[in-house]
Each structure stands twice: as structure tokens, then as C-alpha cells.
Amino acid sequence: MPIIAFNSVTDGLDPGRRSREHFIANIDVDDDRLWVPYAEGVWFQPCCFNVTSGGFSVMLKGLPGAKLGVHYHVGTVRGYTMRGHWRYLEHDWVAKPGTFIYEPAGEAHTLVITDDSPEPALILFMIEGGLIYLDKPVDGNFAAYEDGFTALELSRKHYRETGMDVGQLDLLVR
């Protein structure tokens, strides 16, 4: 789950060790260890952490019926659905495999994997900046914050707890 209070988080890398080169991230959707728990029935695999903008890219996996709390983005978001069906409660469209979405900044929405999704949803999200979680959809107050730094911190915690090489995450920091 996202943090609920601000703190001073860094990527923990010496600037001389932080690469600015091209790279690839290999996602293995079949390796359960690589999925970082995020919310009830929702996990992600990190693809990239942008320590300049606080943005990040992830492969999100959600079980049918799972949802994320209502939130909005401070930057734009792009998403591509690879498996399953999902939607935002505040809209009438349903994303299915092959659906690309573009989200402008600032709109509050609630992501849900549809109950009738034939399989867990797999969605690639590229997020430009942070997410502000709200305590309710209309006139909501601040509940939590998430960005590339907090996602990196959450991923490192998961890797440590499962005995995986945390250094592999450093390769995703740009």
C-alpha cells in the first residue's frame, strides 16, 4: 500500500552509479516471486523508476474483483492492457486485451478488475509523476501518496523479504 505520510526518500544510489543509458526490463509474469504486493489482489512488477520526475513504469496484475483506492495522478498516464478486463468505476468503458489508454492529470478514478474478467488482468502502466490517494471519490481528502520513490522503496522491501537480489532494482533506476 502507498505511504500515508511524506518523508524524504531518495533512490539510495550514488549519482555516479545511476545510469542514464538505454536499458531493457525483462518481465516474467509466471515468476510469482517477482510480483510486489500492492493492494488486496493487486501486485506489480517494476519496469523503471524515474528519479528525476518521480514517475515509474510497472506491469500491474489484478485478480477479478480487485480494486485500487480512488486516486488521481499529478502527471499523465499511459496504459496498455495485455490480459483480462478492467475499468474505472467513474467511466463506462471496459479495457480488454489490446486497449490503450491515455489519462490526463488530475482526474480522480477507481481502478477495478471486472468481476467477469476471464483471467487476472495484466496492464502495463507508464506513470509520469505521483498518485494522490483520496479517502472518498467526491470532495475526498488526502489519504496516501505514491510515486517512483515510494514504489522503489516498496519493491526493495519485497525483494529483501523474499531473498531476491535488491541490486537488480538499481538497474531500473534512471
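That block above? That's the structure.
Here is what the cut-offs are and how they apply
- Throughout this description, residue numbers start from 1 for each chain and increase along the sequence as written.
- Reporting in this predicted model follows two pLDDT cut-offs: at least 70 for local features of residues, and 80 or more for side-chain atom pairs to be given and counted; totals over whole chains, interfaces and linings ignore these cut-offs and use all residues.
- Think of the side-chain values as coming from all heavy atoms in the structure, minus any hydrogens and water.
- For every residue, the accessible area obtained with a 1.4 Å probe (protein chains only) is divided by the maximum for its type, and the residue is called buried under 20%, exposed over 50%, and partly exposed between those limits.
- Helix and strand definitions follow DSSP, with helices as H or I runs of at least four residues and strands as E runs of at least two, each counted in order from the N terminus.
- A pair of strands counts as paired when DSSP detects no fewer than two bridges linking them.
- Within 6.5 Å between ring centres, the rings of Phe, Tyr and Trp (the latter by its six-membered ring) count as paired, and their orientation is classed by plane angle as stacked under 30 degrees, edge-to-face over 60, tilted in between.
- We call a charge positioned over a ring when the NZ of a Lys or the CZ of an Arg lies within 6 Å of the ring centre and within 35 degrees of the ring normal.
- The span expected for a helix works out to 1.5 Å for each residue beyond the first.
- Residues are treated as being in contact if the distance between any of their heavy atoms lies within 4.5 Å.
- Here a polar contact means two N or O atoms within 3.5 Å. Within protein one must be a hydrogen donor candidate and the other an acceptor candidate, and residues neighboring in sequence count only if both atoms are side-chain atoms.
- A 1.4 Å probe that fits but cannot get out identifies a cavity on a 1 Å grid over protein atoms alone, an open set with protein on both sides within 12 Å along at least five of seven lines counts as a pocket, and a residue lines either if it has an atom within 4 Å of a point.
- Grid points are joined across faces, edges and corners, and a volume is the space filled by probe spheres set on the points.
- Amino acid classes used here: Ala, Val, Leu, Ile, Met, Phe, Trp, Tyr, Cys and Pro are nonpolar; Asp, Glu, Lys and Arg are charged; the rest, including Gly, are polar.

Engineer: Is there a simple way to explain the pairing of strand E10 (residues 131–134) in this structure?
Structural biologist: Working note: regular strand, side chains alternate between the two faces of the sheet. Because side chains alternate across E10, one face comprises the buried residues Leu131 and Tyr133, and the other comprises Ile132 and Leu134, equally buried. When strand E4 (residues 71–73) meets E10, the two strands line up antiparallel, connected through 3 bridges. Residue His73 lies in a different strand from E10, and its bridge partner there is Leu131. Pairing of E10 with strand E11 (residues 142–146) involves 4 bridges; the strand directions are antiparallel. Each bridged residue has a counterpart across the sheet, and for Ile132 the counterpart in E11 is Tyr145.

Engineer: Help me understand the packing of aromatic side chains, please; the structure alone is not making it clear to me.
Structural biologist: Within a pair of aromatic rings, the relevant descriptors are the distance that separates the centres and the angle that separates the planes. Considering all chains together, one arrives at 5 aromatic pairs under this definition. For the pair Tyr38 and Phe44, a centre-to-centre distance of 5.8 Å together with 75 degrees between the ring planes defines the contact as edge-to-face. Note on Tyr38: relative accessible area 9%, which makes it buried. For the ring pair Trp86 and Phe125, a centre distance of 5.7 Å and an interplane angle of 70 degrees mean the geometry is edge-to-face. Note that Trp86 is positioned in strand E6 (residues 86–88) and Phe125 in strand E9 (residues 121–127), a separation of 39 residues in sequence. According to the relative accessible area criterion, Trp86 is buried, its value standing at 0%. One Lys or Arg, Lys61, reaches over the ring of Trp43 and ends 5.2 Å from the middle of that ring.

Engineer: I tried to follow helix H1 (residues 148–161) on my own but got confused; where do I start?
Structural biologist: Residue pairs three or four apart in sequence face the same way in an α-helix, which turns once every 3.6 residues. For H1, built from 14 residues, the straight-helix expectation of 20 Å at 1.5 Å per residue is met to within 8% by its first-to-last C-alpha distance of 20 Å. Burial of H1 is extensive: 10 of the 14 residues sit out of reach of the surface. The set of residues buried in H1 consists of Gly148, Phe149, Thr150, Ala151, Leu152, Leu154, Ser155, Arg156, His158 and Tyr159. The elements touched by buried residues of H1 are strand E1 (36–39), strand E2 (42–49), strand E3 (56–62), E11 and helix H2 (167–170). One side-chain oxygen of the residue at the start of H1 lies 2.9 Å from the amide nitrogen of Phe149, identifying that residue as Asp147.

Engineer: Please clarify how the pairing of E3 should be interpreted in this entry.
Structural biologist: With 7 of 7 residues buried, E3 lies mostly within the body of the structure. Neither face of E3 is open: one carries Phe56, Val58, Leu60 and Gly62, the other Ser57, Met59 and Lys61, and all of them are buried. Here E2 runs beside E3; their pairing, made up of 7 bridges, is antiparallel. Counted as the bridge partner of Val42 is Gly62 from E3. In this structure, E3 lies alongside E9, joined through 7 bridges in antiparallel fashion.

Engineer: Just checking my understanding: could you explain empty space enclosed by the protein for this structure?
Structural biologist: Any empty space left between atoms is shown by rolling a water-sized probe over those atoms. Under the defined criterion, the tally for this structure stands at 1 cavity of 30 Å³ or more. The space that makes up the largest cavity amounts to roughly 170 Å³. Surrounding the largest cavity, 18 residues form its lining, Leu60, Leu68, Phe125, Ile127 and Leu131 being those nearest its centre. Secondary-structure elements contributing two or more residues to the lining of the largest cavity are E3, E4, E9 and E10. Looking at the lining of the largest cavity, the element that brings in the most residues is E3, giving 3 residues. Along the lines of polarity and charge, the residues of the lining of the largest cavity split into 14 nonpolar, 2 polar and 2 charged.

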